[in-house]
Amino acid sequence: MANPGLYSTQIKATTETAFQRAIILGETSTIDNEIVEWLDIELPVDKHRKARGHCVDLIGRSKNGYIICELKFGKNSATDYPSFAKEELERYRKDIEFNCDHLDNSNTHHKNGKPFKWSDIANNTRYIIAANKDYWDYWLGHRKEQMPVGVDCYSIDIDVSSFKLQKGNNEKYTPILPKCNWIKLNQ
C-alpha cells in the first residue's frame, strides 16, 4: 500500500468533502461535552486498497479513546441512507481490527495528519455517524428511515449552502466550519 502524502486543504468541493476538510481544519470539536482532537482523514483500512470505499472519513481522539466518524452531508441524496453509513462503519471496524498491524507497519497516515497507532484504534474506538441537520431531516423525516441501531448519530447544525457561499466564484477555497453544535440524536 502506498503511503498517503498530504491531504488537500484547498478544494473545489462544496458538499461532504468540504464538510470533512472544515472539521479537520478546525482541529477540535466538542462531542458529548468532550473535546475531540481530529487526527486524520480519508485513510485506507483495507490491506490491498482495492476500493476507495474502505477509507475512513475522520479519525479523532479524546481523553476517553478514539473516534471513527462516518460523515454525510447534503439535503436529499437519494442513495446515501443512514443504514448504509452504519454498514460502512462496521466494515471499517473489521478492516481495522484485521489490518491494524499492517497499517502501523506501513505508516498509513497523511504527512499533514497527526500521529496515532492503528493498534490503539483497534482496541479503544467509538464509531459514529455525523451529518448536517438537513440530511437527518430528509432521511428520518421525509423518507421515514429508521435511526441506525448500535451506533451513535449526531446532527451538526450547519446550513447545507454554507460551503457554496464560502467558495463563491473561486475555483478552489479552504472550507471553514462555522460555529456549530454536535447534537446526539439517539440514546
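Before reading on, note that the structure itself is shown above.
Engineer: How do you make sense of the overall build of the protein when you look at a structure like this?
Structural biologist: Along the protein, the regular secondary structure elements total five helices and seven strands. Mapped from its N terminus to its C terminus, the protein presents α and β elements in the order α-β-β-β-β-α-α-β-α-β-α-β. The C-alpha radius of gyration of the protein comes to 16 Å, within 12% of the 16 Å expected for a compact globule of 187 residues. Dimensions along the principal axes, computed over C-alpha positions, put the protein at roughly 45 × 40 × 35 Å. Residues classed as buried in the protein amount to 47% of the 187 residues present.

Engineer: Quick question: what am I supposed to make of the environment of Thr30 here?
Structural biologist: As for its placement among the helices and strands, Thr30 is situated in strand β1 (residues 28-31). Put simply, Thr30 and Arg143 are 113 residues apart on the chain and 29 Å apart in space, counted from C-alpha to C-alpha. In contact with Thr30, other than residues within four places in its own chain, are Ile35 and Trp182.

Engineer: Would you take a moment to explain the side chain of Ser155 for this structure?
Structural biologist: Mapping Ser155 onto the fold places it in strand β6 (residues 152-156). Setting aside anything within four residues of it in sequence, one finds Ser155 in contact with Ala131, Asn132, Lys133, Trp136, Asn181, Trp182, Ile183 and Leu185.

Engineer: Looking at this model, I keep getting lost on the nonpolar core. Mind explaining?
Structural biologist: What tends to happen in soluble globular proteins is that the nonpolar side chains get buried as a cluster. In terms of nonpolar packing, the biggest core is built from 26 residues, with Val56, Ile59, Ile68, Ile96, Phe116, Trp118 and Ile121 touching the most fellow members. Every element with two or more residues in this core is listed here: β2 (34-44), β3 (55-62), β4 (65-72), α2 (82-105), α3 (118-123), β5 (125-132) and α4 (133-142). Among the elements that take part in this core, α2 stands out by supplying six residues, more than any other. Once residues lying within four places of it in the same chain are set aside, the contact partners of Ile59 are Glu37, Trp38, Leu39, Asp40, Leu43, Ile67, Ile68, Phe116, Trp118 and Ile121. Core analysis: the next-biggest nonpolar cluster, separate from the first, contains 25 residues, Ala22, Ile67, Cys69 and Leu71 among them.

Engineer: What's the story with the pairing of β5 in this structure? I'm lost.
Structural biologist: It is a general feature of regular strands that their side chains alternate between the two faces of the sheet. Among the eight residues of β5, six are classified as buried, and the element is accordingly described as predominantly covered. Sheet topology places β4 next to β5; seven bridges connect them, and they run parallel. Among the inter-strand pairings, Tyr66 is bridged to a residue of β5, identified as Thr125. Read from β5 through α4 to β6, the crossover connection turns out right-handed.

Engineer: Where do I start with the side chain of Thr108 in this structure?
Structural biologist: Residue position: Thr108 is located in the loop between α2 and α3. Only 2.9 Å separates the side chain of Thr108 from the side chain of Ser106, close enough to count as a polar contact.

Engineer: Would you explain the pattern of salt bridges in this entry?
Structural biologist: Any two side chains of opposite charge can pair, given that their charged atoms come close. Under the counting rule described, the total for this entry stands at 12 salt bridges. The partner of Asp152 in a salt bridge is Lys184, and the shortest N-O contact between them spans 3.5 Å. Remark: Lys184 occurs in strand β7 (residues 182-184) and Asp152 occurs in strand β6; sequence separation between them is 32 residues. Note on Asp152: relative accessible area 21%, which makes it partly exposed. The structure contains a network of salt bridges with shared partners spanning Asp32, Arg126, Asp152 and Lys184.

Reading guide: rules and limits
- Residues numbered from 1 in each chain as written.
- Predicted model: local features only at pLDDT ≥ 70, side-chain atom pairs only at ≥ 80, totals over all residues.
- Heavy atoms only, no water.
- Helix = DSSP H or I, 4+ residues; strand = E, 2+ residues; numbered from the N terminus.
- Rg over C-alpha atoms; globule rule 2.2 N^0.38 Å.
- Buried < 20%, exposed > 50% of the residue type's maximum accessible area, 1.4 Å probe, protein only.
- Contact = heavy atoms within 4.5 Å.
- Core = buried A, V, L, I, M, F, W, Y, C linked by side-chain atoms within 4.5 Å.
- Pairing = 2+ DSSP bridges.
- Right-handed = clockwise from strand over helix to strand, strands pointing away.
- Polar contact = N/O pair within 3.5 Å; in protein donor to acceptor, adjacent residues only side chain to side chain.
- Salt bridge = Lys/Arg side-chain N within 4 Å of Asp/Glu carboxyl O.

Bear in mind that shape data such as this cannot, by itself, settle questions of function.
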